[in-house]
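Architecture at a glance
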Amino acid sequence: MSDRVYMDNGAGRPVDPRVMEAMKPYFTEHHGNPASFHSEGFKALDALNEARAGVAELVNADPGEIVFTSGATEANNLALLGSAQRTRKKDGKIVRSAVEHISVINLCKELSRMGFEVIECPVDENGVLILAELERLVDDETALVTVMAANGEIGTIQPIKEAAELAHSRGALFHTDATAANGQVALDVKMLGVDLMTLSGNDLGGPKGVGALYIKKGVRVKPHMIGGGQEGGLRSGSENVPGIVGMGMAARLARQEMDAESNRLAVLRDMLIDGLLAAIPESHLNGHPTERLPNNANIRFSYIEGEALVLSLDDLGIQVGTGSACAAKTLEPSHTLLACGLKHEEAHGSLVFTLGRNNNRDQVEYVVKELPGVVGRLRAMSPLTPEELR
Amino acid sequence: MYSEKVLDHFKHPRNVGELEDADAEGTVGNPVCGDMMTMYIKVKDDRIEDVKFKTFGCGAAIATSSMTTELAKGKTLEEAMNISRQDVAEALDGLPPVKMHCSNLAADALHEAIKSYKEKKPKNE
């Protein structure tokens with residue numbers, strides 16, 4: 001077993017070596033600009049088109065419906081700000097789920113400052129969007145509904161098809177942020193019926209600094225990056241050709257290998273969840289028990305705090321994430337866990353494991369072996385721990 | 001993010017646990033906020049003869065608790081009342097700014113324990 005057990009792939013994952021190889025020539029050898037009218041320019045344009053086709057195929061879109069961006073955050077910006085500024089329902093409503101990523105939440109705050117009424121749709125205790133509530137909240141004034149495809153923190157997969165149908169029944173656009181879901185579960189824009197879908201390069205096993213937005217043909221969005229009119233005028237600036245080539249390659253690999261890899265990860269995930277819940281008293285799974293991403297396990301441990309857990313595990317060579325306030329810039333515990341109905345003190349003690357290609361069975365066994373001792377040590381120190389657990 | 005000293009005190013906390021025959025204890029913080037700590041003191045001849053802590057919280061909360069016990073041990077009650085949050089942070093070679101308020105409560109817990117001791121009118125007086 002390698003001496004490092006990295007299980008924070010949702011935060012940042014390694015670039016697949018095959019992706020790295022595909023990208024390399026575009027840094028040095030094929031450095032042309034896709035806009036140039038010579039063979040190096042054509043070479044870059046071909047690479048761009050191939051990558052666009054690769055990403056389009058992954059989500060069953062047409063290549064012309066894919067706009068490359070600098071990442072998922074920019075794709076969310078283009079989707080939300082861009083569509084809100086083109087909607088006919090000026091000053092209308094925007095409905096988002098309570099468990100969106102912070103980039104969508106802050107964009108919705110911006111939309112609220114621009115005059116839209118932003119409404120939060122609640123989730124149940126497993127983090128699943130409550131469709132009956134969505135049906136109640138979405139009306140003819142609703143311009144846009146945004147619900148993430150799956151939550152990167154608790155792993156819960158959302159009923160996107162049903163939510164999109166509800167939005168469309170009231171003439172609203174539907175956006176889904178598929179950052180955590182892409183590369184983990186099948187995403188078919190036509191089957192799901194979405195108008196806009198955010199995709200992330202790094203989450204597919206590609207490099208950081210590249211993402212994409214699927215924009216259904218006919219859906220109008222206003223660009224925010226103004227310049228030379230690249231990406232169909234929706235995202236100006238000379239294209240990040242190496243990054244885009246990397247994302248395209250990652251998308252192709254995901255399409256070929258996702259089923260097998262997701263099955264492998266789901267086995268590891270369940271080993272991790274079952275092993276930890278059995279080994280550690282008063283530990284609980286956050287998120288949905290079955291409708292969850294194959295690479296995500298989120299477990300909370302009563303009476304202790306997540307940042308202390310993360311630091312202790314790092315000392316053992318294990319890297320994971322946490323929903324604790326103490327590890328957040330805002331000093332607020334995870335809004336996702338609170339939306340699921342957890343109390344603040346419960347949300348503080350959670351760990352997020354996001355698995356990837358780099359993880360194997362030996363590593364999961366190592367974590368299951370080491371974590372009880374770490375939890376026990378911190379519980380022995382905590383004034384909250386009941387007598388029988390000390 | 002954390003200094004070597006903070007990490008050392010987090011990984012190897014000094015004086016952790018409950019004090020069996022404590023003369024007084026002081027608790028500050030709140031599990032809702034993510035940090036809560038209790039200081040136990042044993043006093044002899046107006047000096048802190050022994051001190052221990054229990055803490056629920058992040059790495060900084062545990063390290064500041066540990067450092068506070070080291071600073072307090074052997075001090076007179078008056079000296080111990082003068083140990084400030086700033087003293088604890090400096091003894092740890094600093095804390096990240098965001099941690100200065102929420103996780104640096106151990107000196108307050110110590111002060112609460114001393115106040116509680118004084119209010120109890122100890123038996124040796």
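Residues numbered from 1 in each chain as written. Chains lettered and ligands numbered in written order. Predicted model: local features only at pLDDT ≥ 70, side-chain atom pairs only at ≥ 80, totals over all residues.

**Re the overall build of chain B**
Tallying secondary structure elements over chain B gives six helices and three strands in all. Ordered by position from the N terminus, the helices and strands of chain B form the series α-β-β-β-α-α-α-α-α. Across its three principal axes, chain B shows a C-alpha extent of roughly 45 × 30 × 20 Å. Burial statistics for chain B: of 125 residues in total, 48% are counted as buried. Across chain B, every contact between residues at least 6 apart in sequence was considered, and the portion connecting residues at least 24 apart equals 64%. (Helix = DSSP H or I, 4+ residues; strand = E, 2+ residues; numbered from the N terminus. Buried ≥ 20, exposed ≤ 12 C-beta atoms within 10 Å, placed from the backbone. Contact = placed C-beta atoms within 7 Å.)

**As for the sheet that holds strand S1 (residues 24-30) of chain B**
All names here are of chain B. On the basis of which strands lie adjacent, the open sheet formed by three strands has the order S1-S2-S3 and antiparallel pairing. Where the open sheet ends on each side, the last strands, each with one partner, are S1 and strand S3 (47-56). Neighbour-to-neighbour, the strand axes of this sheet turn through a mean angle of 15°, independent of strand direction. Packed on one face of the sheet, helix H2 (residues 59-72) meets strand S2 (35-44) and S3 and runs near 175° to S3. (Pairing = 2+ DSSP bridges. Axes fitted to C-alpha atoms, helices over the stretch in contact; angles between N-to-C directions.)

**Some points on helix H3 (residues 72-84) of chain A**
Residue and element names in this part refer to chain A. Taking 1.5 Å of rise per residue, the 13 residues of H3 would be expected to cover 18 Å, and the 18 Å separating its terminal C-alpha atoms lies within 8% of that figure. Of all the 13 residues making up H3, twelve are buried; the element is thus mostly covered by neighbouring parts of the structure. Looking only at H3, the buried set comprises Ala72, Thr73, Glu74, Ala75, Asn76, Asn77, Leu78, Ala79, Leu80, Gly82, Ser83 and Ala84. (Expected span 1.5 Å × (residues − 1).)

**Some thoughts on the domain arrangement of chain A**
Residue and element names in this part refer to chain A. Structurally, chain A comprises domain 1 (5-12 + 258-389) and domain 2 (17-254). The distance between the C-alpha centroids of domain 1 and domain 2 comes to 28 Å. On the side of domain 2, 25 residues touch domain 1, which itself brings 22 residues to the contact. Of all the secondary structure elements, the ones that give two or more residues to the side of domain 1 that touches domain 2 are helix H8 (241-279), strand S10 (296-301) and helix H10 (335-339). Classifying every residue of the side of domain 1 that touches domain 2 gives six nonpolar, 13 polar and three charged. (Domains from an automatic or database assignment. Nonpolar A, V, L, I, M, F, W, Y, C, P; charged D, E, K, R; others polar.)

**Observations concerning H2(B)**
Residue and element names in this part refer to chain B. If you check H2, its first and last C-alpha atoms are 20 Å apart, about what 14 residues at 1.5 Å a residue would give, namely 20 Å. For H2, the tally of buried residues reaches 13 of 14 residues, placing the bulk of the element in the interior. Following H2 by one or two positions, Gly74 has its phi on the positive side, about 85°.

**Here we look at the sheet that holds strand S5 (residues 142-146) of chain A**
All names here are of chain A. If you trace the seven strands from one edge of the open sheet to the other, you get S2-S8-S7-S6-S5-S3-S4, paired in mixed fashion. Of all strands in the sheet, those with a lone pairing partner are strand S2 (66-69) and strand S4 (117-121), marking the two edges. The sheet shows a mean angle of 20° between the axes of neighbouring strands, taken without regard to direction. As paired strands, strand S6 (residues 173-177) and strand S7 (residues 196-200) are joined by three bridges and run parallel to one another. Counted as the bridge partner of Asp177 is Thr198 from S7. Along the sheet face, helix H6 (residues 160-169) touches S5 and S6 and points at about 155° away from the line of S6.

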